[in-house]
Amino acid sequence: MSIYLKNAAYIDWKTLEFKQGHIKVFEGPNRGIEWIPSPDHIPEMPGKGEPNTIIDCKGKWITKSFGCGHHHVYSALARGMPAPKKIPANFHEILQYIWWALDKCLDPQMIEASALATAVACAKHGVTFVIDHHSSPFSIENSLKIIADAFDKIGISHLLCCEMSDRDGETPSQKGLEETGNFLKNGGQGLVGLHASFTVGNDLLQKAVKLAETYNSGIHIHAAEDPIDPDSCLRDHGVRVIQRLHAAGALTFKKTILGHCLHLDENEKELVRNSPVYIAQNTESNLNNNVGVFDSRGFNTDHILLGTDGMHSDMLRSAKAAFLVGQSSGADSPETIYKRFRNVHKYLQENNFTGDSENNLVILDYDSPTDMTPENFYGHFIFGLESLHIESVISKGKLIVRDRKILTIDEQETLDFSKIMAKRLWKCLK
Ligand SMILES: [Zn+2]
């Protein structure tokens, strides 16, 4: 069974060439699309199987769907939760009283609900690939498989990791290494996750790098999100965060992702620039935590991804936020932000990850008061296109959202389940 998009106005995400015609979308993890000469070439039935899906896209726009470079499934049930025991006065207290209180309470069912809710939100926002950084220190075993299964159920491709740290003692870090090793050994698409330099001791850092080497993977870590990270690193190790990661070998992997990178000095920026690693920018999270803003100057901008840091699943929103804070440095234009928004595909392709080929598409119902052309596309991208324009979503050649409705699962059932799990989680926080 294939999907045919009739009368398509297609925006090539790399060249911004606009093409008009009819597209056949092949189903499968590494398949593509094909232009067909006329609607006469669209068969109603592909032989004995199910009928083809034919969508008339007249008046709509089609382009490649989106990817998230840094997400947190584990925070999905935090929305609207009661205030913490103490109102945090700084970043460290935000972690202590909010996120480290929450992630300790997560159990397998809550993780499943969090992953399903995140995958639904991603699908409806046209995000068909998610790079996630998961934390559930007292429910680590099988957590990556639970997330992978939930994402697969909805049709979202993924690159997962389990966030390891020494903040809860030896047992969780040991279990994190085992979970990561098992997931990678069994063919899971994953990275080796670490929380941040200031919660990771030398032994765990070395073991994580070794694991990444063994499975030809990379490290996914928060780096210099807040001054606490470089300050602790200087105090405990006599070097700054990037120097420590570099000395440990974490920057040798081209799959490595450094989240945030806000508080780096020039020497650290040079180390990152001269390495093959990618950075994930999470603007709204930085503003929310009052930790500063990302400044792209001094980095290889082809190696910056955009993420949400678990705040939401709307990558068009992340792109707009990145553009707005970029105005203070003067370094970011609509064009550079569009390219940054699309770097996730480059990262995934360069590293041969599956699930992000050309048969991942969004159909946009975008009615603009002005013409959209290849020449002014970047302006429409920043100031016009929004998630409300996402009408249908195709992931790996399969229609997962049509007319803004999820097709792969019963959305109401999923939301009912996540609400029950959220109540249990919030009770645990008391
Ligand atoms: Zn994060």
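All of the points below concern the structure found in this document. In this text the structure is predicted, and so the values were computed from the model without any measurement.

Criteria and cut-off values
- Residues numbered from 1 in each chain as written.
- Predicted model: local features only at pLDDT ≥ 70, side-chain atom pairs only at ≥ 80, totals over all residues.
- Heavy atoms only, no water.
- Core = buried A, V, L, I, M, F, W, Y, C linked by side-chain atoms within 4.5 Å.
- Buried < 20%, exposed > 50% of the residue type's maximum accessible area, 1.4 Å probe, protein only.
- Helix = DSSP H or I, 4+ residues; strand = E, 2+ residues; numbered from the N terminus.
- Contact = heavy atoms within 4.5 Å.
- Pairing = 2+ DSSP bridges.
- Disulfide = S-S within 2.5 Å.
- Expected span 1.5 Å × (residues − 1).
- Polar contact = N/O pair within 3.5 Å; in protein donor to acceptor, adjacent residues only side chain to side chain.
- Axes fitted to C-alpha atoms, helices over the stretch in contact; angles between N-to-C directions.
- Bend = angle between axes of the 7 residues up to and from the residue.
- Donors = N, O, S within 2.8 Å, 3.2 Å for Na, K, Ca; no water.
- Tetrahedral: all angles 85-135°; square planar, octahedral: opposite > 155°, others 65-115°.
- 1 Å grid on protein atoms, 1.4 Å probe; cavity = no way out; pocket = protein on both sides within 12 Å on 5 of 7 lines; lining within 4 Å.
- Points joined across faces, edges and corners; volume = space filled by probe spheres on them.
- Nonpolar A, V, L, I, M, F, W, Y, C, P; charged D, E, K, R; others polar.

Remarks on the nonpolar core
Link 1 in the chain: In this structure, Ile156, Phe341 and Phe377 are the most contacted members of the largest nonpolar core, which totals 67 residues.
Link 2 in the chain: Sort the elements by how many residues they give to this core and helix H2 (residues 108–124) lands first, with nine residues.
Link 3 in the chain: Residues within four places of isoleucine 156 in sequence aside, it is in contact with Ala119, Cys122, Ala123, Val127, Thr128, Phe129, Val130, Phe151 and Ile400.

So, the pairing of strand E5 (residues 61–64)
Link 1 in the chain: As judged from the three bridges shared by strand E1 (residues 3–11) and E5, these two strands associate in the parallel manner. The residue of E5 that forms the bridge with isoleucine 11 is threonine 63.
Link 2 in the chain: Pairing of E5 with strand E14 (residues 361–364), which is carried by four bridges, proceeds in the antiparallel orientation. By the bridge assignment, tryptophan 61 is partnered in E14 with leucine 364.

Details of the state of the cysteines
Link 1 in the chain: A complete count under the given rule lists one disulfide for this structure.
Link 2 in the chain: Between cysteine 105 and cysteine 428 runs a disulfide, and the two sulfur atoms are separated by 2.0 Å. In this structure the cystine formed by cysteine 105 and cysteine 428 twists about its S-S bond by roughly -80°; its chirality is therefore left-handed. In this pair, cysteine 105 is assigned in helix H1 (residues 91–105) and cysteine 428 in helix H13 (residues 411–429), connecting sequence segments 323 residues apart.
Link 3 in the chain: For cysteine 105, a relative accessible area of 13% puts it in the buried group.
Link 4 in the chain: Judged by its relative accessible area of 39%, cysteine 428 falls in the partly exposed class.
Link 5 in the chain: For cysteine 162, which is in no disulfide, the shortest distance to another cysteine sulfur is to cysteine 161 and amounts to 7.3 Å.
Link 6 in the chain: A relative accessible area of 3% places cysteine 162 in the buried class.
Link 7 in the chain: No disulfide involves cysteine 233; its sulfur sits 13 Å from that of cysteine 261, the nearest cysteine.

Examining helix H10 (residues 315–326)
Link 1 in the chain: With twelve residues, H10 should reach 16 Å at 1.5 Å per residue; the first-to-last C-alpha distance of 16 Å fits that figure.
Link 2 in the chain: Summarising burial for H10: ten of the twelve residues are buried, a large majority.
Link 3 in the chain: At the N-terminal end of H10, a side-chain oxygen is found 3.1 Å from the backbone nitrogen of leucine 316, two or three residues along, and the residue is aspartate 314.

Looking at the sheet that holds strand E8 (residues 157–159)
Link 1 in the chain: The strand order across the open sheet built from three strands is E6-E7-E8, with neighbouring strands paired in parallel fashion. Two strands bound the open sheet, and with one partner strand each, they are strand E6 (66–71) and E8. For this sheet, the mean inter-axis angle between neighbouring strands, taken without regard to orientation, is 20°.
Link 2 in the chain: Here strand E7 (residues 127–132) pairs with E8 via three bridges, running parallel. Bridge assignment links phenylalanine 129 to a residue of E8, and that residue is serine 157.

Here's the deal with unusual backbone geometry
Link 1 in the chain: A positive phi angle, near 55°, is found at cysteine 261, a position not held by glycine.
Link 2 in the chain: Inspection of the secondary structure puts cysteine 261 in the loop between strand E11 (257–260) and helix H8 (266–273).
Link 3 in the chain: With a relative accessible area of 2%, cysteine 261 lands in the buried category.

A word on H1
Link 1 in the chain: In a regular helix each residue adds 1.5 Å, so 15 residues correspond to 21 Å; H1 covers 20 Å between its end C-alpha atoms and thus fits that length.
Link 2 in the chain: If you look at H1, its biggest bend is around 35°, right at tryptophan 99.
Link 3 in the chain: Of the residues making up H1, those classed as buried are Phe91, Glu93, Ile94, Leu95, Ile98, Trp100, Leu102, Asp103 and Cys105.
Link 4 in the chain: Buried residues along H1 sit in contact with H2, strand E9 (192–196), helix H6 (228–237) and H13.
Link 5 in the chain: N-cap assignment for H1: the residue whose side-chain oxygen lies 3.1 Å from the backbone N of histidine 92 is asparagine 90.

Let's talk about the coordination of the zinc ion
Link 1 in the chain: Protein ligation of the zinc ion involves His70 (NE2), His72 (NE2), His222 (NE2) and Asp309 (OD), the donor distances falling in the range 1.9 to 2.1 Å.
Link 2 in the chain: Bound by four donor atoms, the zinc ion shows angles of 91 to 154° at the metal and therefore irregular coordination geometry.

Quick look at the layout of surface pockets
Link 1 in the chain: Here the largest pocket defines a volume of roughly 990 Å³.
Link 2 in the chain: The wall of the largest pocket is formed by 42 residues, among which Ser75, Ala76, Arg79, Gly310 and Met311 lie closest to the centre.
Link 3 in the chain: Secondary-structure elements contributing two or more residues to the lining of the largest pocket are H1, H2, helix H9 (283–288) and H13.
Link 4 in the chain: Of all the elements, H13 adds the most residues to the lining of the largest pocket, at seven residues.
Link 5 in the chain: Per-class residue counts for the lining of the largest pocket are 17 nonpolar, 15 polar and ten charged.

Topic: the pairing of E1
Link 1 in the chain: For E1, the tally of buried residues reaches seven of nine residues, placing the bulk of the element in the interior.
Link 2 in the chain: Looking at chain direction, E1 and strand E2 (residues 18–25) are connected through seven bridges and run antiparallel. Residue pairing for E2: tyrosine 4 is matched across the bridge by lysine 24.
Link 3 in the chain: Here E1 hands over to E2 after six residues, with leucine 16 in that stretch at a positive phi of 65°.

A closer look at the environment of lysine 405
Link 1 in the chain: Along the chain, the position of lysine 405 falls in strand E17 (residues 405–406).
Link 2 in the chain: Sequence separation of lysine 405 and alanine 123 is 282 residues, and the distance between their C-alpha atoms is 9.5 Å.

Regarding the environment of serine 157
Link 1 in the chain: Following the sequence through the fold, serine 157 ends up in strand E8.
Link 2 in the chain: Using a relative accessible area of 4% as the deciding quantity, one classes serine 157 as buried.
Link 3 in the chain: The sequence separation of serine 157 and lysine 64 amounts to 93 residues, and the corresponding C-alpha distance is 14 Å.

None of this, on its own, says anything about what the molecule does.
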